[in-house]
Amino acid sequence: MKIEILDTTLRDGAQGAGVAFTEADRFRVIHALDDLGVSYIEAGNFALGSNDWDIFHRAEDLGKTLKNARLVAFGSTRRAGERASSDPALAAIAQSAMPVIAVFGKSWVYQIEKVLNTTKEENLAMIADTVQFLKAAGKEVIFDAEHFFDGYSDDPLYALQVLRTAHEAGADTLVLCDTNGGMLPDIIGMTVSAVREHLPEARLAIHCHNDMGMAVACSLSAVLAGAVQVQGTISGIGERCGNANLCTLIPLLQLKMGFSCISEEQLTALTPVARSITEIANLDFNERSPFVGAYAFTHKAGMHIDAVRKRPRTFEHIDPERVGNSRNLLISALSGRAALQEKMRDILPTLTKESPQVADVLARVKEAEGRGYQYEDAEASLMLLIYAGLGLRRPFFAVKTFKVMIGEPYSREHGTDGGGSTCSALIKIAVDGAEEITAAEGCGPVNALDLALRKALGRFFPCIDRVRLTDYKVRVSGSDSATASVVRVFIESTDGNRVWRTVGVSADIIDASWQALLDSMEFYLHEQQI
């Protein structure tokens, strides 16, 4: 059975705190979601003055480029006491090339009387008039019954009347919204079943918010009760605690419950799409996310590693490749040869636990850990150790010298508090005998070093321009030494598609940061097979 996916990342997701999309961002998200194979993409709000009109005006040309999804414009029913045909926003969207229109209307008497300040009868008229107007314009209409479950709890007959009104006016899909995110899964299931009995011919959809952490569970309950469309966002972003997380919902529906949402091939794009859209939204990716997080298939305990090597099903409920993810084994001096051999076999399949290369790399790991290194959250640095142990580490570049200058920017009017860059870095590197000297200013020494290094490497390796630092953490090792303690610096980097982490250790925080930066660039060049 087919379950349609309506993604509302660009509309409901954009209402989340800290989320903002530029016009260019929106087009990138639309194409990523279309490649993923979702059925509908809610592209924005058609309220007058909304920035989303740029997309609506280009809907015809944009729609021709989409292979799987239909674009949806979202907005409200007409105002009380007016006509839909005289509503300028409704009139404009009706004349646009947007093929699908989602309109929300009230289904909770409390909201109708206390927020809209109108009557139940007028609310029904607003819904019917709006849906009929949009259907007359040739649109597919999705009716969002806002606060439906709250409304059904207070006055089930009226909430059902709202749905019937929209259905009889021509709405193609009726969306039952847990707008407050306050319902339990069993309540959702029982209510959807009641609606199916009352309106057996209607197409039902579910839209849940995550205020109690149950949006995914509630959505699944609705599907089991008869909903044929699920709405949500990538990574669950959205207002307050967010929306139902499609990165969890899609694989649950498809891999665990036997429904068809997208193709198996498209499902393998789920992890990279989740990372890409979260990056576009300028949000931190939750590595502990089910299915798509880096830690979702990460194993640390020695017994777990041994078991998963022999029979992956022992500690993996699905093959991570089915959702575009991969298994990760955390390596330390305590992991033993078996875990390290498994990691190294990805590069050299003929290795055994007794191979001298395995012993050599394990000795390198132990020696580095003795100096304060940790590789559990710095797999890129570990891979460089493995490359070295296998004789495969390539010296892409050599650092001849680097200097960091820390100072305060000068301001004639305000003394030294002039704002702007406070540090500069000078770097000299050599690549195949050719030397490059560059300098850069940054907001702090690490930023200056990062900018200068990428500028220098960019002359020889243009792909470096895609790399950027996304996270920087400092941990103190041996804090009893106070300011003389060794510091461990972790750096997270990305090229927009994948993420990798490196580590540096030194009593000098700048030197530790520099080590981690160098590892980050070298690892990326290795992965590009330059």
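Placed above this text is the structure.
Residues numbered from 1 in each chain as written. Predicted model: local features only at pLDDT ≥ 70, side-chain atom pairs only at ≥ 80, totals over all residues. Heavy atoms only, no water.

### Quick look at helix α19 (residues 509-527)
- Between its first and last C-alpha atoms α19 spans 27 Å; for 19 residues at 1.5 Å apiece the expected length is 27 Å, and the two agree.
- With respect to burial, α19 is a largely interior element, 15 of its 19 residues being buried.
- With a side-chain oxygen positioned 2.9 Å from the backbone nitrogen of I510, the residue opening α19 is D508.
- Two residues or fewer after α19 comes Q529, characterised by a positive phi angle close to 55°. (Helix = DSSP H or I, 4+ residues; strand = E, 2+ residues; numbered from the N terminus. Expected span 1.5 Å × (residues − 1). Buried < 20%, exposed > 50% of the residue type's maximum accessible area, 1.4 Å probe, protein only. Polar contact = N/O pair within 3.5 Å; in protein donor to acceptor, adjacent residues only side chain to side chain.)

### Examining the sheet that holds strand β13 (residues 434-442)
- Spatially, the three strands line up as an open sheet ordered β11-β12-β13, and their pairing is antiparallel. Taken across any chain shown, the strands that pair with only one partner, and hence form the sheet edges, are β11 (398-406) and β13. Within the sheet, the average angular offset between the axes of one strand and its neighbour, ignoring direction, is 10°.
- Sheet topology note: the strand β12 (residues 423-431)/β13 ladder contains nine bridges and is antiparallel. Residue A425 lies in a different strand from β13, and its bridge partner there is A440.
- In this fold helix α18 (residues 445-458) packs onto β11, β12 and β13, with an angle of close to 145° to the strand it touches most, β13.
- Docked against the sheet, α19 engages β11 and β12, running at close to 135° with respect to β11. (Pairing = 2+ DSSP bridges. Axes fitted to C-alpha atoms, helices over the stretch in contact; angles between N-to-C directions. Contact = heavy atoms within 4.5 Å.)

### Concerning the sheet that holds strand β16 (residues 499-506)
- An order of β14-β15-β16 is seen for the three strands of this open sheet, with the pairing classed as antiparallel. A strand with exactly one partner marks an edge of an open sheet, and here the two such strands are β14 (468-477) and β16. Sheet twist, expressed as the average angle between the axes of neighbouring strands with direction ignored, equals 20°.
- Bridge analysis of β14 against strand β15 (residues 486-494) gives nine bridges, and the strand direction is antiparallel.

### Considering the packing of aromatic side chains
- As enumerated under the stated definition, the model contains 11 aromatic pairs in all.
- On the basis of an interplanar angle of 35° and a centroid distance of 5.2 Å, the ring pair of W108 and Y110 is categorised as tilted.
- Note on W108: relative accessible area 14%, which makes it buried.
- Between W500 and F523, the aromatic rings sit 6.3 Å apart at their centres with planes inclined by 45°, giving tilted as the arrangement. You can see W500 sitting in strand β16 and its partner F523 sitting in helix α19, a full 23 residues away along the chain. (Phe/Tyr/Trp six-rings, centres within 6.5 Å; stacked < 30°, edge-to-face > 60°.)

### Describing unusual backbone geometry
- Positive phi outside glycine occurs at N117, with the angle close to 55°.
- Checked against the element boundaries, N117 lands in the loop between α5 (109-114) and α6 (120-136).
- Taking relative accessible area as the criterion, N117 reaches 62% and is therefore assigned exposed.

### A short note on helix α13 (residues 270-280)
- Counting buried residues in α13 gives nine out of 11 residues, a clear majority hidden from the surface.
- When we look at burial in α13, the residues that qualify are L270, T271, V273, A274, R275, S276, I277, T278 and I280.
- Two residues or fewer past α13, N282 is found with a positive phi of approximately 60°.

### With respect to the pattern of salt bridges
- Throughout the structure, instances matching the rule amount to 31 salt bridges.
- The shortest N-O distance in the salt bridge between R468 and E279 comes to 2.2 Å. Taken as a pair, R468 in strand β14 and E279 in helix α13 lie far apart in primary sequence, 189 residues in all.
- Exposure remark for E279: the relative accessible area of 21% places this residue in the partly exposed category.
- As a salt-bridge pair, D519 and R393 come within 3.8 Å of each other at their nearest N and O atoms. Residue D519 is located in helix α19, and its partner R393 is located in the loop between α17 (379-389) and β11; the two are separated by 126 residues in the primary sequence.
- On the basis of relative accessibility, which here comes to 15%, the residue D519 falls in the buried class.
- Residue class for R393 comes out partly exposed when judged on its relative accessible area of 33%. (Salt bridge = Lys/Arg side-chain N within 4 Å of Asp/Glu carboxyl O.)

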